[in-house]
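Descriptive analysis of the structure
The residues making up each chain are set out below.
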There are 4 protein chains.
Amino acid sequence: MSSWGSAVKISIFGESHGKGIGVVIDGLPSGERLDIEKIYVQMARRAPGKDKTSTPRLEKDIPDIISGILDDTTTGAPLCAVIGNTNTRSQDYGNVLSCPRPGHADFTGNIRYKGFNDIRGGGHFSGRLTAPIVFAGAVCRQILERRGIRFAAHIASVGNIEDQRFDPVAIPRELVERLSLSTFGLIDQTKETAMRELIEECRMSRDSIGGMVECAIVGVPAGAGSPMFDGIENVISSVVFGIPAVKGIEFGAGFEVSRMRGSQNNDEFYYDGETVKTRTNHHGGILGGISSGMPIIFRAAFKPTPSISSEQSTVDLQKHENAKLVINGRHDPCIVPRAVPVVEAAAAIAMVNILADVNKL
Amino acid sequence: MSSWGSAVKISIFGESHGKGIGVVIDGLPSGERLDIEKIYVQMARRAPGKDKTSTPRLEKDIPDIISGILDDTTTGAPLCAVIGNTNTRSQDYGNVLSCPRPGHADFTGNIRYKGFNDIRGGGHFSGRLTAPIVFAGAVCRQILERRGIRFAAHIASVGNIEDQRFDPVAIPRELVERLSLSTFGLIDQTKETAMRELIEECRMSRDSIGGMVECAIVGVPAGAGSPMFDGIENVISSVVFGIPAVKGIEFGAGFEVSRMRGSQNNDEFYYDGETVKTRTNHHGGILGGISSGMPIIFRAAFKPTPSISSEQSTVDLQKHENAKLVINGRHDPCIVPRAVPVVEAAAAIAMVNILADVNKL
Amino acid sequence: MSSWGSAVKISIFGESHGKGIGVVIDGLPSGERLDIEKIYVQMARRAPGKDKTSTPRLEKDIPDIISGILDDTTTGAPLCAVIGNTNTRSQDYGNVLSCPRPGHADFTGNIRYKGFNDIRGGGHFSGRLTAPIVFAGAVCRQILERRGIRFAAHIASVGNIEDQRFDPVAIPRELVERLSLSTFGLIDQTKETAMRELIEECRMSRDSIGGMVECAIVGVPAGAGSPMFDGIENVISSVVFGIPAVKGIEFGAGFEVSRMRGSQNNDEFYYDGETVKTRTNHHGGILGGISSGMPIIFRAAFKPTPSISSEQSTVDLQKHENAKLVINGRHDPCIVPRAVPVVEAAAAIAMVNILADVNKL
Amino acid sequence: MSSWGSAVKISIFGESHGKGIGVVIDGLPSGERLDIEKIYVQMARRAPGKDKTSTPRLEKDIPDIISGILDDTTTGAPLCAVIGNTNTRSQDYGNVLSCPRPGHADFTGNIRYKGFNDIRGGGHFSGRLTAPIVFAGAVCRQILERRGIRFAAHIASVGNIEDQRFDPVAIPRELVERLSLSTFGLIDQTKETAMRELIEECRMSRDSIGGMVECAIVGVPAGAGSPMFDGIENVISSVVFGIPAVKGIEFGAGFEVSRMRGSQNNDEFYYDGETVKTRTNHHGGILGGISSGMPIIFRAAFKPTPSISSEQSTVDLQKHENAKLVINGRHDPCIVPRAVPVVEAAAAIAMVNILADVNKL
């Protein structure tokens, strides 16, 4: 389903080529002043059309806040925001699924919804549905920033071109600030040219390319989260896999731990003044599902955009035979740059629940 | 929390050195005949003491089924199973946490529960709590096997020693059968010696080693799962991260997709008789959160056992100073072989819910 | 919270004098053709301004369906409907709560939301929020009607004037049809005049009056619902108490059972052809939380409209002293007639979940 | 289902004639010292065999606490308690349902579980399952009593014999204390003889009798609860209808409000020192779903025990024909006295969640 959360529930709605998309956020604390401009900034980071790396479609993703706010302050009632779909070109698509696009949810959605799902532009499976996720995340992050918790993500890789990783024990405040406003977020900004060239090369060859996003959450006090199924890893991953194209997630040293010895991987504790810290942070700020007070760090793998304009083999479900397909329309050859703020938003939505569940909001 | 599920809810309880551990499974379909012996087989696969690679403690993990079954058949009422703790040696530990063990949940649990959690043997964070997960999974898998759905996992790697991967488009029935009963599950069984030697080497050097488990779910019909937050990836990962020591999960080609081009990663559809299949399976049987009918494949990364017997640095929370710690007691230098049936169980618990949610149970 | 449901989740949003109100319905089956006109008919039954018994404010409660429907057919994606607030007169109210109105949620809402809730027109506590409940119920009932399940409610009483009760073992199809379209629903229509006169008398004396709504659900197959906390009584009451002003609910013979003997109250089974029925229906179609196949019958008690125009004693929270209050504005002296379709809607929302939970949708 | 709760989840298991019954309580705050004797006292209040008004079966309902407690103090891990079934006489019943008992869940359970449910003694539908509810409630109430919240219920009526009602604005502390330990709880203790005589008369005439329980919750601070579907009425009723035989619930003036005018029903606010109170309490301590700080008061109607020993008409599901049935065995002619502590327990389970959800635990 498109509803998620315990103390703070989000309910995402909309289809790519329908009237609009949006979100209801239920359970927000009251009295939280929201800087609406800052919400727009986050949405602009995700919006397409900023440069050659993204789709040239122009979307005016101005959310219309229907409820839950008075004088820019949360009332405690459910906050609903609707974003109209204005620049849809339905003629690009019909609604009878003939040839499912490889790598898309066309085929699985067709079976799941018996052919009644809106397939235009991917319908409810469209990456456009990440706009309300960014909106909800932007609301949650303002509430959390007020409590000293900050979010920053960057393009960890595009194809084989890798950015630096976060230093997991020391993430400079300036870096967090810079990344949280960036539209092509990198720690090592010298990698931007190479990444953009690779993306452009993929576009030129009618192809696309995958990548990775790394996210850090700093300022989370020790003791948030719960054992077993409500651990921070469980909660974050249950939101992050809600972002289309994510095929993997890892926390701290992640898959690298499978190759490590205990003596390497164990993070030793020490006192930094009054505070217990760890000298290394292979645990990614989470032990037993619960925050240690160290930065929470995770990476998500994004597959290459499935919409490529070279010819592909598929089936024709009407004719019951194998077929060839050429996808028209304009698509990002790499969604990773635009996915960065979506991952931050998912992290904020997860953390607002994790903290509320332990009475720390 | 230690409760999870929608249509079929599990509630895990117990602490390592308390009276017992167990699980309540609520929402099981009625009239399902359970082969109790087969449940024991699954629990024996996880049980320690089978050989040198695991802890020599003897546990008699015979579950006492309190309710929910009559004549070995589910009644539809909640099924509760209790496993007594018999071989506990509480003198190994006290309950006032002085020096948190690196890599364990001692420190975070202490903050979370204000020092009241049972720390003996890790308490509720103990790996022993995977026994009721295996029990619950063994119940769910029998129900699913009756519907043609099978689970098989193997040791994908121990340190740098890797097993073969599943062929994601063709997983032989015999392999599934063999792995689902194995206590040291490998596709390429010639790797066993090297893996055991590496594990033994770690034990000898008072160290431990991580690894990876790969799991396949075959026979899931196309159209199970839901978009966004109830996708199969979300649901499976929210259970799998409930297994202690898991730090990452990936589906299909997983993190490898971040380096791939769309033309490589997209799995082309074709008709195999009446059935739509894909020629490759980078998508791991899941598109848009929904099953495609191809095998569902995922890998989980396990960190090395944090309990190592060499001296480690930590803090003394009583004295508020840095300290040294030597962990006594007997611990698995590598939990991966015993984690294999736990991962299968987690997958079965996830899938029984996914199928029930779309009325396919 | 304002979110509810398991298989089919509703999330209600909006405040009386904000931009709008609405609902997201997540989890609807796909392929359900909706008669939009029939939805409007249900909303019109609840809408004020139809006659002297209700508030003269004109609301154009035309819901704008944003998502989830294509060609009037459910796509399976979340259905969102927004109803704009057009005829609000904010000057009637300010947003700093000085004197809480007796019988309203002004005081409790103020404490709960630390003074940040939108108090204009009752904000999120307003009876206007029943409009999206009726919308959601109208969608659910069409889906259920297609499966042979029908809903009918009537004004069981206004003050001391009582309508007939449903014959709990035989509810004529024509009665169900008539009531489900009625705006002043009565079994014995001769009571309308007396009821209207009583309501008018209350208006004239600057007072208001309570009443009761009785609802019948016919066509539910035996075997829906679950024991204990997911019984039909639990589920229906958890929705019905979401309707403002409800202070009690009873099923079947209800509170009368407290005065009955077992020999009277027990409903004897018999075969009506192939079908097991009961000769009486004190159990209201529910035994052990599960449907028996007999009509499900319940009654909800509504308190008199707390907004009365005679002077009342209250406190002044600003001045910290006792105070007098006169409520201006126009209010229904009796909400019961307009509550009838809301109760039916609540029943439909409950039943769509109950049936989905047992795979009967 | 038999699982319930948000911040604090309970999962009830067991069947009347199986190995045992019990409960898992997940999400309890850590560090709560529990007086185990006081828990036994609550369970003894519910236990049968105390006198002629209840069934002569002797149950040793000593709960075995498996987990979640160390040194009588909650660890924060799930608390599981198992109560063995010792005095079962399975020969009284078989497990193939031939003739469903009128008023019982035999028929509906049979349909729901396709004949696989354990029907011996009512199985999971048995009133015996209220023992773990009382256990869970006894744990929750100790936690709440420490925060100044107290629970008291009494036999409001047996048949037509009525006890006094609580004075809803002033409930003496001594009365609360007395009732919370009583096994035949009455405000006006002079009614005991008449009530017992009526119950005995019903037994002698092979019949049974219904009644009502009234419950007060005092000390709840204003501002607990949430609007719409998480209102205090919704939450309490969703637990209370989990008690077998409850057919109605009302809060404050309850059904009486349907006959009242607004000027009567509205409770005027006033300052009692610094505290805002109401002079009357028709609202039962709840406005808009949220606590006002006044005592929370509700009444639940219990149907007469359906097990009566006079001959009844029913059907024979094996032979597909109408039949006669005589129920043997020993049954309470009136469950109301034993239901009193169960209602208090349900209220405590509800309130611990309501308070946790607003961070007031």
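Worth saying up front: this structure is predicted, and the values here are computed from it rather than measured.

1. Notes on the overall build of chain A
Broken down by element type, chain A carries 8 helices and 18 strands. The globule rule puts the C-alpha radius of gyration for 361 residues at 21 Å, and the 21 Å found for chain A is close to it. Its C-alpha atoms give chain A principal-axis dimensions of roughly 70 × 50 × 35 Å. Each of the 361 residues in chain A was classed as buried or not, and the buried ones make up 67%.

2. Looking at the sheet that holds strand β10 (residues 211-218) of chain A
The sheet built from 10 strands is open, its strands ordered β9(A)-β8(A)-β10(A)-β16(A)-β11(A)-β11(B)-β16(B)-β10(B)-β8(B)-β9(B) with antiparallel pairing. The open sheet has two edge strands with one neighbour each: β9 (161-162) of chain A together with β9 (161-162) of chain B. The pairing of strand β11 (residues 246-251) of chain B with strand β16 (residues 296-302) of chain B spans 5 bridges and is antiparallel. Across the sheet, Val246(B) pairs through a bridge with Phe302(B), a residue of β16(B). The sheet contacts of helix α5 (residues 192-204) of chain B involve β8 (150-158) and β9 of chain B, and relative to β8(B) the element is tilted by about 60°.

3. Side note on the interface of chain C and chain A
Facing 43 residues of chain C, the contacting portion of chain A comprises 43 residues. Put simply, chain C and chain A have 2 salt bridges between them. The partner of Lys19(A) in a salt bridge is Asp64(C), with the nearest N and O atoms 2.5 Å apart. The interface formed by chain C and chain A includes 12 residue pairs in polar contact (both at pLDDT 80 or more). Those elements that provide at least two residues to the side of chain C that touches chain A are β2 (9-14), β3 (20-26), β4 (64-67), β5 (69-70), β6 (73-74) and β7 (79-84) of chain C. Residue composition of the side of chain C that touches chain A, grouped by class: 17 nonpolar, 18 polar and 8 charged.

4. Section: the pattern of salt bridges
Residues and elements named next belong to chain A. Going through the model one piece at a time under the given rule, you end up with 79 salt bridges over all chains. In this structure, Glu 145 engages Arg 141 in a salt bridge whose closest nitrogen and oxygen atoms are separated by 3.6 Å. A residue pair is termed a helical-turn pair when its members lie 3 or 4 positions apart in one helix, as Glu 145 and Arg 141 do in helix α3 (residues 130-145) at 4 residues. The shortest N-O distance in the salt bridge between Arg 150 and Glu 177 comes to 3.2 Å. In this pair, Arg 150 is assigned in strand β8 (residues 150-158) and Glu 177 in helix α4 (residues 173-179), connecting sequence segments 27 residues apart. Each of Arg 45, Arg 141, Glu 145 and Glu 344 takes part in salt bridges that share partners, so that together they form one network.

5. Brief notes about the relation of the copies chain A and chain B
Each copy of the sequence occupies a distinct position, and chain A is placed on chain B by a rotation of 180° and an axial shift of 0.0 Å, giving an RMSD of 0.0 Å. Such a combination of turn and shift is consistent with a two-fold rotation axis. Interface overlap between copies is the fraction of interface residues in one copy that are interface residues in the other; for chain A against chain B it reaches 100%, indicating a shared surface.

6. Section: the relation of the copies chain C and chain A
In the superposition of chain C on chain A (RMSD 0.0 Å, axial shift 0.0 Å), the rotation amounts to 180°. Both copies share a contact surface, since 100% of the interface residues of chain C are interface residues in chain A too.

7. Some words on a negative patch on the surface
A cluster of acidic side chains, namely Asp35(A), Glu37(A), Asp71(A) and Asp72(A), defines a negative patch on the protein surface. Here Asp72(A) lies in the loop between β5 (69-70) and β6 (73-74).

8. Overview of the sheet that holds strand β9 (residues 161-162) of chain C
Spatially, β9(C)-β8(C)-β10(C)-β16(C)-β11(C)-β11(D)-β16(D)-β10(D)-β8(D)-β9(D) is the arrangement adopted by the 10 strands of the open sheet, whose pairing is antiparallel. Here the strands that pair on one side only, and so sit at the sheet edges, are β9 of chain C together with β9 (161-162) of chain D. Two elements, strand β10 (residues 211-218) of chain C and strand β16 (residues 296-302) of chain C, share 7 bridges in a ladder whose sense is antiparallel. Along β16(C), the bridge assignment pairs Met212(C) with Ala301(C). Across the sheet, helix α5 (residues 192-204) of chain D touches β8 (150-158) and β9 of chain D, and the angle it forms with β8(D) is around 60°. Set on the sheet, helix α8 (residues 336-357) of chain D makes contact with β8, β10 (211-218) and β16 (296-302) of chain D; between it and β8(D) the angle comes to about 145°.

9. Side note on the packing of helix α1 (residues 36-46) of chain C against helix α8 (residues 336-357) of chain C
Residue and element names in this part refer to chain C. Remark: α1 packs on α8, axes separated minimally by 7 Å, with the N-to-C direction vectors making an angle of 140°. When the axes of α1 and α8 are compared, the pair comes out oblique. Side by side, α1 and α8 meet where Gln 42, Arg 45 and Arg 46 of the first sit next to Arg 338, Val 340, Pro 341, Val 342 and Glu 344 of the second.

10. Description of the side chain of Asn110(C)
Take Asn110(C): it is sitting in helix α2 (residues 106-112). With sequence-adjacent residues up to four places away left out, Asn110(C) is seen in contact with Leu97(C), Ala105(C), Gly115(C), Asn117(C) and Leu317(C).

11. Observations concerning the interface of chain A and chain B
Residue-level contacts link 102 residues of chain A with 102 residues of chain B. Buried surface at the junction of chain A and chain B, both sides included, amounts to about 8,000 Å², of which 62% is carbon and sulfur. When the buried area of chain A at its contact with chain B is split by residue, Phe229(A), Lys247(A) and Phe269(A) rank highest and sum to 11% of it. Seen at the junction of chain A and chain B, the total is 4 salt bridges. Across the salt bridge formed by Arg261(B) and Glu201(A), the nearest N and O atoms sit 2.9 Å from each other. Inspection of the chain A/chain B interface yields 46 residue pairs in polar contact (both at pLDDT 80 or more). Sorting elements by how many residues they give to the side of chain A that touches chain B places strand β11 (residues 246-251) of chain A first, with 6 residues.

What counts and how
Residues numbered from 1 in each chain as written. Chains lettered and ligands numbered in written order. Predicted model: local features only at pLDDT ≥ 70, side-chain atom pairs only at ≥ 80, totals over all residues. Heavy atoms only, no water. Helix = DSSP H or I, 4+ residues; strand = E, 2+ residues; numbered from the N terminus. Rg over C-alpha atoms; globule rule 2.2 N^0.38 Å. Buried < 20%, exposed > 50% of the residue type's maximum accessible area, 1.4 Å probe, protein only. Pairing = 2+ DSSP bridges. Contact = heavy atoms within 4.5 Å. Axes fitted to C-alpha atoms, helices over the stretch in contact; angles between N-to-C directions. Salt bridge = Lys/Arg side-chain N within 4 Å of Asp/Glu carboxyl O. Polar contact = N/O pair within 3.5 Å; in protein donor to acceptor, adjacent residues only side chain to side chain. Nonpolar A, V, L, I, M, F, W, Y, C, P; charged D, E, K, R; others polar. Least-squares fit on C-alpha atoms with pLDDT ≥ 70 in both. Patch = residues over 30% accessible without salt bridge, like charges linked within 9 Å, V, L, I, M, F, W, Y side chains within 5 Å. Areas by Shrake-Rupley, 256 points an atom, 1.4 Å probe, with all protein chains shown as cover. Lys, Arg positive; Asp, Glu negative; His and termini not counted. Charge placed at Lys NZ, Arg CZ, Asp CG, Glu CD. Parallel < 35°, antiparallel > 145°, perpendicular 65-115°, else oblique. Buried area = accessible area lost by both parts, 1.4 Å probe.

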